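Reading the structure
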Amino acid sequence: MKELKGCGMRSSVGFLSRRELTGQPLMKEEFQRRRLAGCTSLYKKDMLGHFGCVNAIEFSNNGGEWLVSGGDDRRVLLWHMEKAIHARSKPVKLKGEHLSNIFCLAFDSTNKKVFSGGNDEQVILHDVERRETLNVFLHIDAVYSLSVSPVNDNVFASSSDDGRVLIWDTREPPHGEPFCLASYPSAFHSVMFNPVEPRLLATANSKEGVGLWDIRKPRSSLLRYGGSMSLQSAMSVRFNSTGTQLLALRRRLPPVLYELHSRLPSFQFDNQGYFNSCTMKSCCFAGDRDQYILSGSDDFNLYMWKIPKDPEAGGPGRVVNGAFMVLKGHRSIVNQVRFNPHTYMICSSGVEKVIKTFTAWCNSHLRKAGTQIENIEEDFRDGLKLMLLLEVISGERLAKPERGKMRVHKISNVNKALDFIASKGVKLVSIGAEEIVDGNAKMTLGMIWTIILRFAIQDISVEETSAKEGLLLWCQRKTAPYKNVNIQNFHISWKDGLGFCALIHRHRPELIDYGKLRKDDPMTNLNTAFDVAEKYLDIPKMLDAEDIVGTARPDEKAIMTYVSSFYHAFSGAQKAETAANRICKVLAVNQENEQLMEDYEKLASDLLEWIRRTIPWLENRMPENTMQAMQQKLEDFRDYRRLHKPPKVQEKCQLEINFNTLQTKLRLSNRPAFMPSEGKMVSDINNAWGNLEGAEKGYEEWLLNEIRRLERLDHLAEKFRQKAAIHEAWTEGKEDMLQKRDYETASLSEIKALLKKHEAFESDLAAHQDRVEQIAAIAQELNELDYYDSPSVNARCQRICDQWDTLGALTQKRSEALQRTEKLLETIDQLYLEFAKRAAPFNNWMEGAMEDLQDTFIVHTIEEIQGLSTAHEQFKATLPEADKERLAILGIHNEIAKIVQTYHVNMAGTNPYTTINPQEINAKWDKVRQLVPQRDQALIEEHARQQNNERLRRQFANQANVIGPWIQNKMEEIGRISIEMHGTLEDQLTHLRQYEKSIVNYKPKIDQLEGDHQLIQEALIFDNKHTNYTMEHIRVGWEQLLTTIARTINEIENQILTRDAKGISQEQLNEFRASFNHFDRDRSGTLGAEEFKACLISLGFDIANDAQKRTGIMDAEDFKTCLISMGYNLGENEFSRIMSIVDPNRMGIVTFQAFIDFMSRETADTDTADQVMASFKVLAGDKNYILADELRRELPPDQAEYCIARMAPYTGPDGVPGALDYMSFSTALYGESDL
């Protein structure tokens, strides 16, 4: 611990004295803060209790008195920190135990409960005091992180491998459905509640990076951190104590710090040697003010950085280079770290498993020289035993070692060993002599693993596989006869011990009674195998059974090292196995091809059945009667395009790829071509697909037209009902009025009144003529547009027309009667007449105005709404004149009242000429004035909607005008790539895959355009003058682009497969491609028959009818060239034979793949039936027949039974009972006879 100058507290004594004098309660925190700021290292104490990797640690709340830990041993241990540090007590094991590795832990706020989650897809709630299990919460996949709500101990969040973040309430039944906050296709590795704002949570996702979520807005993140690089693999995220900052870990990147509301990094932290790639790690803040951060590293160290106070510190990219402190002491990768701010205590854990196995492996070779090592880190430091180890395992002599004890002598010896390793073709990365001499555990273990790979594993090869794959394949074949053994890897497949026992029993059955072993007793199995191997096979015991059984995933390097010793012990007598391998290889090809044929038939049947069911649905053009029903049809069609069709497009593309791959494999293995069942050819599927797209074409347009028609019909029907209702209200009682005979007994004045009233009625009747004509016109249009309720509309219209005719007749009849009696009338009140004549049209004008102001409207463009607005403004301009007319009419009524009052006229009843009164005129005028601003508001809102529709049109057009040409350019570029030759096939394949990746990365823009298109359709926008592209064009182009790039990649892969299988050089392929392109003049990717013939001749291929070589002055090639130049037609029969090979369907064209397959067959050798017969003869011991027991002994069970089921009985004179004819079976494999 360094002394801190100027702090005033250089020791604990000074601190206590100062606190006594000043009485400051916060001096403890200040003392700890300053002491840490002056440190270069810290005191270290190992806490031993787990016997596997420790994957999770957490301090308790409110002081950190307790620590809980969990790991690969599936146990949850509780430590009392003060007692554990002073070795006064051991940890307490909680009773609830997981079924697999533990990944995460959490205390509640009272420290009375502990939550644990892990690889067994469950969260266990423990009672700390009673050590009992309180509850279990089941998940779908592994649980990686837990966080308890800071305000409610009953609520906790979990993140898991199924890509979901779930919110649980422990008060609810555990089998209930939790609240899903987030859901991604990729795993969530970390989640944490904000300690101050508990509604906020931070997450770390394996592909989507770091995100901030609000529990009130699930399924959508508030913020994605990382700026332009937000899509990063994140494994850990932590809030600081105030909830204002986040610290995150990303794979292969340094730790990063974010401010809560900023997506851009505040700082990144790095140091030479720090790396985060191998394991899942966590990070945390440190210090009483969160002024430090902590993270473990792959280099076995724990790093602490100090957060700069200056927000602009760190230079470009704000990277803090250089850790504040590097804490050493771990013997392997450091995964987990936590800081206790109350005691300034740091707890870390990690992976420490491989040292024991490497030590045992080294001693297994050093004992041959009469020595051994005890500590792998210390005993190789002088280089002497390291050089001795290399001499033993290589059988070669190294340079003479230095015997001095000085550092320079040790470095010299280690360098000699490292130089020897390098001379064997091994590249040593970052391993130097100084690190080995200094006892660097990581470098020493890395060097030993390199030696093991080079001298114990690298030379292992089975069927041209890599060392690791070859060793695994060897283990699988040797253990294949044992049904309860399934070797798939070098970790969990060996946990039950039966794999080791099976290897020993297969080669030395007398050493182990395999029948007595039980799968549920792994300890006995492992100890039996280890003891027998050490005693009888001279294989030292490198592993302990307890380490393997007690670990969810044993160390892969340790298992590989141990198993390689078994391989070398049993590496002899390989002749029979080699022969069996050849037969297995041939049979595997047949089995694989048969499986591919079955898969093709099933996939084709399923796809054709789906097309058969879908076409009738798309061809159904039966319209619905309502808008809602038609919109539901449109939504169903959108679901079909978005959800149901895209997977079928992929299936169709995959079907073609599988068919081409199968045909290529059959040609390469000299098998007959595959002919699918009737109606399931690729051409049949393409025809069915074409029928599907033909039915689909126009369906969406029909739907939109139908919706537009129904919208128009609804508007007209509503308008019809409004006008009919107004007219019917007006005509009510009119017939009774016209049929009255009141004029027969009326006085003269009454007769005059009746006559004038009738004249006013005739004026009103004429004014209503337009409305009746409008009603009839609307009814006619509804009939023409096939309105579903046309019968009721027609009936109502007919009633109105009939009534109108009746009113006309009655009006004429009454008019004639009144005119006959007009001579009897002399006086009339002119004022009443004038009022009636002026009030009636004014009243009709107001009714018409009210009707127009309340009339609904439908527009589709800004120009249409602007026209309506202009008409409305013109109407408002007439209001002042109308108001003058109203005042004039009211003046007439006032004049009548004045006359009556002045001359005391006895007036019986109201105005005899009209039913309109001043109160009604005023009421209707007020109604008109009230409706004007309402109409203004409706027009303004519709204008805003049309402006938004125009914005949607332009938004869609801007993207479509970019995406459409982009898709066309990509299609043309793919066409050019497929016929050009640039580099090797692998270069072309890499280029195409990169090209495919760039195309797939363009998918978000297509999805964005789909979203804009959906907004346009939801807004009922039916045209777009800003672009010629429709969404249908874009969808079809995108699907064709994906299919074309996948098909082109498949063709290149098949060419690589053909080249590798036939041994064709890159130069030959280039020559074939150049010739093909030269004669493919239309760049269609195919050759006609004559083009193909010319191409073969250009390559020097002999297609003459007579295959016999002639002797003479000119050789055959010169003579053939001479005849061709003279115009002879050479070899039509031979050319027809070749065309039947390259064009079996007689399409008249030759693809490049068929051309390559033919040239490959003519220029390369392949396995033959004779080679397979020779291999069977080896297994049969040179006999002309083979027995079933011999097949079962030498071949895997499934392939042995395959041969037995298909081999005919041997009928030769030297045959025995049960003899099988392998010769006819071998010829049948290559189509030379029937199988």
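Residues numbered from 1 in each chain as written. Predicted model: local features only at pLDDT ≥ 70, side-chain atom pairs only at ≥ 80, totals over all residues. Heavy atoms only, no water.

**Details of the overall build of the chain**
Formally: Only runs of H or I of at least four residues qualify as helices and only runs of E of at least two qualify as strands under DSSP, and these elements are numbered from the N terminus. When accessible area is computed with a 1.4 Å probe and restricted to protein chains, residues below 20% of their type maximum are described as buried, those above 50% as exposed, and intermediate ones as partly exposed. Residue contacts follow a heavy-atom distance rule, with two residues in contact if any of their heavy atoms lie within 4.5 Å.
Each helix and strand in the chain was counted, giving 37 helices and 31 strands. The proportion of buried residues among the 1235 residues of the chain is 47%. Sequence separation of at least 24 residues holds for 64% of the intrachain contacts in the chain that already meet a minimum separation of 6.

**A few points about the packing of helix 10 (residues 498–507) against helix 11 (residues 522–536)**
Keep this limit in mind: To obtain an axis, a line is fitted to C-alpha atoms, over the contacting stretch when the element is a helix, and the angle between two such axes runs from 0 to 180 degrees between their N-to-C directions. Throughout this description, any angle smaller than 35 degrees is read as roughly parallel, any larger than 145 degrees as roughly antiparallel, any in the 65 to 115 degree range as roughly perpendicular, and the remainder as oblique. Crossing handedness: left-handed means the near helix sits turned counterclockwise from the far one by under a right angle, and right-handed means the same turn made clockwise.
Packing of helix 10 against helix 11 leaves a shortest axis separation of 8 Å and a crossing angle of 40°. Comparing their axes, helix 11 and helix 10 come out oblique. Judged by the sense of rotation from one axis to the other, the crossing of helix 10 with helix 11 is left-handed. Every residue of helix 11 that contacts helix 10 at Leu498, Phe500, Cys501 and Ile504 is listed here: Asn525, Leu526, Ala529, Phe530, Val532 and Ala533.

**Some words on the pairing of strand 11 (residues 164–169)**
Residues in a regular strand project their side chains so that they alternate between the two faces of the sheet. Short version of the rule: Should DSSP find at least two bridges between two strands, the strands are taken to pair.
Taken across its 6 residues, strand 11 has 5 buried, putting it largely inside the fold. Bridge count for strand 10 (residues 155–160) against strand 11 is 5 bridges, and the pairing is antiparallel. By the bridge assignment, serine 158 is partnered in strand 11 with leucine 166. Hairpin connection, strand 10 to strand 11: the antiparallel pair is bridged by 3 residues, and glycine 163 has positive phi, about 80°.

**A closer look at the nonpolar core**
This is how it is decided: By nonpolar core is meant a set of buried Ala, Val, Leu, Ile, Met, Phe, Trp, Tyr and Cys residues that side-chain atoms within 4.5 Å join together.
By size, the foremost hydrophobic cluster in this structure holds 71 residues, and its most contacted members are Ile451 and Phe500. In terms of residues, this core owes the most to one element, helix 8 (residues 441–457), which gives 8 residues. Ranked by size, the runner-up nonpolar core spans 44 residues in total, among them Ile999, Leu1069, Phe1135 and Val1150.

**Focus: unusual backbone geometry**
In this structure, arginine 131 takes a positive phi of about 65° despite not being glycine. Along the chain, the position of arginine 131 falls in the loop between strand 7 (122–127) and strand 8 (133–138). A relative accessible area of 23% means that arginine 131 is categorised as partly exposed. The phi dihedral of arginine 252 is positive, around 65°, even though this residue is not glycine.

**Structural notes on the environment of tyrosine 536**
Turning to its location among the elements, tyrosine 536 is positioned in helix 11. A relative accessible area of 45% places tyrosine 536 in the partly exposed class. The spacing of tyrosine 536 and arginine 508 is 28 residues in sequence and 9.8 Å in space, taken between C-alpha atoms.

**Topic: the pairing of strand 9 (residues 143–148)**
Here strand 9 lies mainly inside the structure; 5 of its 6 residues are buried. In the sheet, strand 9 pairs with strand 10 via 5 bridges, with the strands oriented antiparallel. Across the sheet, residue valine 143 finds its bridge partner in strand 10, namely serine 160. Hairpin geometry of strand 9 and strand 10 is characterised by an intervening segment of 6 residues between the two adjacent antiparallel strands.

**Structural notes on the sheet that holds strand 21 (residues 283–286)**
The sheet built from 4 strands is open, its strands ordered 21-22-23-25 with antiparallel pairing. Across the chains shown, the open sheet's two edge strands, defined by having one partner strand only, are strand 21 and strand 25 (325–327). Taking each pair of neighbouring strands and ignoring which way they run, the sheet shows an average axis angle of 20°. Bridge count between strand 21 and strand 22 (residues 292–296): 4 bridges; the pairing is antiparallel. Among the inter-strand pairings, phenylalanine 285 is bridged to a residue of strand 22, identified as isoleucine 293.

**Side note on helix 34 (residues 1169–1179)**
Put simply, the rule is: This arc corresponds to the set of directions leading from the helix axis out to the C-beta atoms.
Buried residues of helix 34: Ala1169, Val1172, Met1173, Ser1175, Phe1176 and Leu1179, and no others. Projected down its long axis, helix 34 shows its buried positions confined to an angular sector of 160°, all on one face.

**Considering the sheet that holds strand 12 (residues 179–183)**
If you trace the 4 strands from one edge of the open sheet to the other, you get 9-10-11-12, paired in antiparallel fashion. With partners counted over all chains shown, the strands left at the sheet margins are strand 9 and strand 12, one partner each. When the angles between neighbouring strand axes are averaged without regard to direction, this sheet yields 20°.

**Points about the packing of helix 17 (residues 699–731) against helix 20 (residues 769–784)**
To keep it simple, the criterion reads: Put simply, Ala, Val, Leu, Ile, Met, Phe, Trp, Tyr, Cys and Pro go in the nonpolar bin, Asp, Glu, Lys and Arg in the charged bin, and everything else, Gly too, in the polar bin.
Remark: helix 17 packs on helix 20, axes separated minimally by 10 Å, with the N-to-C direction vectors making an angle of 150°. One way to sum up the angle between helix 17 and helix 20 is to call them roughly antiparallel. Between helix 17 and helix 20 the crossing geometry is left-handed. Of the residues in helix 20, those in contact with Arg712, Leu713, Leu716, Ala717, Lys719, Phe720, Lys723, Ala724, Ile726 and His727 of helix 17 are Arg771, Val772, Gln774, Ile775, Ile778, Ala779, Glu781 and Leu782. Its residues placed into classes, the contact of helix 17 with helix 20 shows 11 nonpolar, 2 polar and 5 charged.

**What about helix 9 (residues 467–479)?**
Just so we agree on the cut-off: By this rule, a helix spans an expected 1.5 Å times one less than how many residues it contains.
Relative to the 18 Å expected for 13 residues at 1.5 Å per residue, helix 9 spans 18 Å between its end C-alpha atoms, a close match to the ideal helical length. Among the residues making up helix 9, those that are buried are Ala467, Gly470, Leu471, Leu472, Leu473, Trp474, Cys475, Lys478 and Thr479.

**Observations regarding the environment of asparagine 271**
With respect to the helices and strands, asparagine 271 occurs in the loop between strand 20 (265–270) and strand 21. Sequence separation of asparagine 271 and tryptophan 305 is 34 residues, and the distance between their C-alpha atoms is 9.1 Å. In this structure asparagine 271 touches Tyr303, Trp305, Gly322, Ala323 and Val326, once residues within four positions along its chain are discounted.

**Side note on the side chain of glutamate 656**
We count it as follows: Within 3.5 Å is the distance limit for a polar contact, defined as a pair of N or O atoms, with the added protein rule that one can donate a hydrogen and the other accept it, and that residues adjacent in sequence qualify only through two side-chain atoms.
Assignment of secondary structure puts glutamate 656 in helix 15 (residues 627–668). For glutamate 656, the side chain forms a polar contact with the side chain of arginine 1047, separated by 2.8 Å.

**Digging into the packing of aromatic side chains**
As a reminder, the rule being used: Working definition: a ring pair exists when centres of Phe, Tyr or Trp rings (six-membered ring for Trp) sit within 6.5 Å. Plane angles under 30 degrees give stacked, over 60 give edge-to-face, the rest tilted.
Inspection of the entire model under this criterion finds 36 aromatic pairs. Where phenylalanine 115 meets phenylalanine 156, the ring centres are 4.8 Å apart and the plane angle is 45°; that geometry is what we call tilted. Of this pair, phenylalanine 115 sits in strand 6 (residues 113–118) while phenylalanine 156 sits in strand 10; the two residues are 41 residues apart in sequence, bridging distant segments of the chain. The exposure class assigned to phenylalanine 115 is buried, which follows from its relative accessible area of 1%. Using a relative accessible area of 1% as the deciding quantity, one classes phenylalanine 156 as buried.

**Comments concerning the pattern of salt bridges**
Our working definition: In what follows, salt bridge is the name for a side-chain nitrogen of Lys or Arg lying within 4 Å of a carboxyl oxygen of Asp or Glu.
Enumeration according to the criterion identifies 57 salt bridges in this entry. With a shortest N-O distance of 3.2 Å, glutamate 556 and lysine 468 are connected by a salt bridge. Highlighted residues: glutamate 556 in helix 13 (residues 556–569) and lysine 468 in helix 9, separated in sequence by 88 residues. Using a relative accessible area of 27% as the deciding quantity, one classes glutamate 556 as partly exposed. Residue class for lysine 468 comes out partly exposed when judged on its relative accessible area of 39%. Measuring nitrogen to oxygen at the nearest pair gives 2.9 Å for the salt bridge that ties glutamate 728 to arginine 796. Note that glutamate 728 is positioned in helix 17 and arginine 796 in helix 21 (residues 790–820), a separation of 68 residues in sequence. In the salt-bridge network here, residues are joined through shared partners; they are Glu197, Arg199, Asp214 and Arg216.

**Considerations on the side chain of serine 1226**
Along the chain, serine 1226 falls in helix 37 (residues 1222–1229). When neighbours within four sequence positions are excluded, serine 1226 is seen to be in contact with Ala1169, Val1172, Met1173 and Phe1176.

**Digging into the environment of alanine 1046**
With respect to the helices and strands, alanine 1046 occurs in helix 28 (residues 1031–1062). Sequence separation of alanine 1046 and cysteine 653 is 393 residues, and the distance between their C-alpha atoms is 7.5 Å. For alanine 1046, the contacting residues outside a window of four places in its chain are Cys653 and Ile657.

**Quick notes on the confidence of the model for the chain**
Detailed reading of the predicted model is not advised wherever pLDDT is low. Keep this limit in mind: Confidence of the prediction at every residue is given by pLDDT, a number between 0 and 100.
On average, the chain scores 81 in pLDDT, and the residues at 70 or more come to 86%. In the model, residues 824–828 has pLDDT below 50 throughout and makes 14 contacts with residues more than four positions away in sequence or in other chains.

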